[in-house]
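# A structural walkthrough
Single-letter residue listing:
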Amino acid sequence: MATLPNPLPDLASSGLDLPPGSLVDATLDGPWHEPLLWYADGPAAPRDWPDLRAAGRRVGLLPVLVTGGRRDQWPEDWDLCPDGTSYPGDHDADEVLAGYWTDYAADEVGDGTAAGESGERSDEPGSWPGLAPVPAREAAEDADTVAAGLAGVIAADADEWLGGARTALVPARRSADIPAAIGWSGPMNHENDVARLCAVLRPWEDRYDARVVVLGFDTMIVSVGRPPATAEEARALAAEHYAFCPDNIDQSPPYALDVYAEKAVLNQEAWSFWWD
């Protein structure tokens, strides 16, 4: 697992000023040998995420908002699978996405739809176009500031949006590793080992200043500090999104990849993913 030594049992003596909350050790295989995360008993306040980000880092904890969604399913009901989760650093993002593309996207998309790092399209129909290049734009704000802003917007409307999202703390070294650190199984119908998806989130952190801000039973919202600013950049990244989460494009409603790129990627400071 991609975690530091788990300090969650010592939260009471950590010096963190926490609201009432619960420790979660429930997994598909029964109780885990240590708590996997802590989350609050009530909805998050707008300042909770940035305050806990600053305080939690010194004890190896990162914040994330968790939501029960329409089915009121909170982390103890998430079918967490830490025992079946590998380490994100053991996987290559390009190889992971190429495999997903072959399995899920190639037949739907047809010809390559995005330029890879070389800027060239493949002549082979349905071939994986490669990782999108780093956006040309500079980030306007620090990535954690952007994430805190998104978390604040969600928390301010917590009673009506995302099922009253609550603040959680997870022992992880970096935001991209949060799903792997708890053995999150939200994408189980797409990928049984969420660390492979975290391996994709890692270069999204590097290229797009992305941060994992919200997790639900099968949903994820990521803040984006440096989103694609041109149609070409957005189309290139849309191919990665399709491989990462085909349901985003194929369902509710189905999109052509170019339409998805324009509506959900271009200049968007938040990306939402949902796995059926």
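The model shown is predicted, which means the values in this text are computed figures rather than measured ones.

What counts, and at which threshold
Just so you know, the residues in each chain are numbered from 1, in the order the chain's sequence is written. Local features in a predicted model are, by the rule used here, given only for residues with pLDDT of at least 70; side-chain atom pairs are given and counted only at 80 or more, and totals for whole chains, interfaces and linings are based on all residues. Only heavy atoms go into the side-chain values, all of them from the structure, while hydrogens and water stay out. Each residue gets one of three labels from its accessible area relative to the maximum for its type: buried under 20%, exposed over 50%, partly exposed in between, using a 1.4 Å probe on protein chains only. In this description a helix means any DSSP run of H or I spanning at least four residues, a strand means any run of E spanning at least two, and both kinds are numbered starting from the N terminus. Strands were regarded as paired on the criterion that DSSP finds at least two bridges between them. To get an axis, fit a line to the C-alpha atoms, keeping to the stretch in contact for a helix; angles then go from 0 to 180 degrees between the N-to-C directions. In what follows, a contact means two residues having at least one pair of non-hydrogen atoms within 4.5 Å. Should an angle fall under 35 degrees it is called roughly parallel, over 145 degrees roughly antiparallel, and 65 to 115 degrees roughly perpendicular, with every other angle called oblique. Residue polarity follows a fixed list, in which Ala, Val, Leu, Ile, Met, Phe, Trp, Tyr, Cys and Pro are nonpolar, Asp, Glu, Lys and Arg are charged, and the others, Gly among them, are polar. A helix is expected to span 1.5 Å multiplied by its residue count minus one.

A two-sided burial pattern is seen for strand β4 (residues 37-40), the buried positions comprising Leu 37 and Tyr 39 on one face and Trp 38 and Ala 40 on the other. With 4 bridges connecting them, strand β1 (residues 21-24) and β4 associate as antiparallel partners. In the sheet register, Ser 22 faces β4, and the bridge partner there is Tyr 39. Summarising the sheet, β4 and strand β6 (residues 166-170) pair through 2 bridges and their orientation is antiparallel. Among the inter-strand pairings, Trp 38 is bridged to a residue of β6, identified as Leu 169.

On to the sheet that holds strand β9 (residues 270-274), then. Strand order in the open sheet formed by 7 strands is β1-β4-β6-β5-β7-β8-β9, and the pairing between neighbours is mixed. In the strand order of this sheet, the two ends are held by β1 and β9, each with one partner. Mean inter-strand twist for the sheet, computed between neighbouring axes without regard to direction, equals 30°. Pairing of strand β7 (residues 210-215) with strand β8 (residues 219-224) involves 5 bridges; the strand directions are antiparallel. Pairing of Val 214 across the sheet is with Ile 221, part of β8. Relative to β7, helix α3 (residues 143-156) is tilted by about 20°, and along the sheet it contacts β5 (62-66), β7, β8 and β9.

Packed helices, taken two at a time, are described by the angle their axes make and the gap between the axes. Between helix α6 (residues 231-244) and helix α8 (residues 257-265), the shortest axis-to-axis distance is 9 Å and the interhelical angle comes to 100°. With respect to each other, α6 and α8 are oriented roughly perpendicular. Here Ala 234, Arg 235, Leu 237, Ala 238, Ala 239, His 241 and Tyr 242 of α6 lie close against α8, whose contacting residues are Leu 257, Asp 258, Tyr 260, Ala 261 and Val 265.

Running from amino to carboxyl end, helix α1 (residues 48-56) crosses α3 at an angle of 140°, the nearest separation of the two axes being 8 Å. By the angle class used here, α1 and α3 are oblique. Contacts between α1 and α3 involve Trp 49, Pro 50 and Arg 53 from the first element and Asp 144, Ala 147, Ala 148 and Ala 151 from the second. For the contact of α1 with α3, a count of residues per class yields 5 nonpolar, no polar and 2 charged.

Moving on, we get to unusual backbone geometry. A negative phi angle characterises most non-glycine residues, just as the trans form characterises most peptide bonds. Even without being glycine, Asp 72 reaches a positive phi, approximately 55°. In this structure, Asp 72 sits in the loop between β5 and α2 (93-109). In this structure, Asp 79 takes a positive phi of about 55° despite not being glycine. Mapped onto the fold, Asp 79 is located in the loop between β5 and α2.

Moving on to helix α5 (residues 195-208). Spanning 14 residues, α5 covers 19 Å between terminal C-alpha atoms, matching the ideal 20 Å at 1.5 Å per step. The element α5 is extensively covered by neighbouring structure, given that 12 of its 14 residues are classed as buried. Just past α5, the residue Asp 209 takes up positive phi, approximately 55°.

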